[in-house]
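Observations on the model geometry
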Amino acid sequence: MKMELRKTFQFEAAHLLPRLPKSHKCRRLHGHSFKVEIAVAGQCDEKIGWLMDYADISAAFQPVWEKLDHYYLNEISGLENPTSENVAVWIWKKLKPRLPLLAEVVVAETCTARAVYRGD
């Protein structure tokens, strides 16, 4: 049976969006309590009864989280323009080698605004 698992993480970070007009509020330095949802998908192992251990998702995300949590995102290589869309792609690129079943990365910068990336 095909199954999808989702696990949510949170990190705190500051950023600004340098490509916006100077008058735009997001051009100013500000912070968010970002939420990241990682989805994996594939065939469930019939013997074990699961797709994978949630702990393996956490272990794969931990090094990524350590690079993001309580940092200024603009200073991270590859995140010089840290929109939610770009953060989602950046996380995907870091996670995919460690998490081959990765199907989707969702980055929410507020409780009502999020970007979804499902690979190329």
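Our subject in this report is the structure included herewith.

Criteria and thresholds
- Residues numbered from 1 in each chain as written.
- Predicted model: local features only at pLDDT ≥ 70, side-chain atom pairs only at ≥ 80, totals over all residues.
- Heavy atoms only, no water.
- Disulfide = S-S within 2.5 Å.
- Helix = DSSP H or I, 4+ residues; strand = E, 2+ residues; numbered from the N terminus.
- Expected span 1.5 Å × (residues − 1).
- Bend = angle between axes of the 7 residues up to and from the residue.
- Buried < 20%, exposed > 50% of the residue type's maximum accessible area, 1.4 Å probe, protein only.
- Contact = heavy atoms within 4.5 Å.
- Polar contact = N/O pair within 3.5 Å; in protein donor to acceptor, adjacent residues only side chain to side chain.
- Axes fitted to C-alpha atoms, helices over the stretch in contact; angles between N-to-C directions.
- Parallel < 35°, antiparallel > 145°, perpendicular 65-115°, else oblique.
- Left-handed = near helix turned anticlockwise from the far one by under 90°.
- Nonpolar A, V, L, I, M, F, W, Y, C, P; charged D, E, K, R; others polar.

On to the state of the cysteines, then. Summed over all chains, the structure comprises zero disulfides. The cysteine C26 is free of any disulfide, with C111 supplying the nearest cysteine sulfur at 15 Å.

Taking 1.5 Å as the rise per residue, helix α1 (residues 54–68) with 15 residues should run 21 Å; its terminal C-alpha atoms sit 21 Å apart, in good agreement. Along α1, the sharpest kink reaches roughly 40 degrees, centred on Q62 and followed within four residues by the proline P63. Inspection of α1 places I57, A60, F61, V64 and L68 among the buried residues, and these make up the whole buried set. Where α1 is buried, its residues contact β1 (2–15), β2 (30–43), β3 (71–72) and α2 (84–95). Sitting at the head of α1, D53 places a side-chain oxygen 2.8 Å from the backbone nitrogen of A55. H70, located one to two residues past α1, shows a positive phi value of around 60 degrees.

With that out of the way, let us pick up the packing of α1 against α2. Remark: α1 packs on α2, axes separated minimally by 10 Å, with the N-to-C direction vectors making an angle of 135 degrees. By the angle between their axes, α1 is oblique relative to α2. Handedness of the crossing formed by α1 with α2: right-handed. Here α1 contributes A60, F61, V64, K67 and L68 to the contact with α2, which in turn contributes W90, I91, K94 and L95. In terms of residue class, the contact of α1 with α2 is built from seven nonpolar, no polar and two charged.

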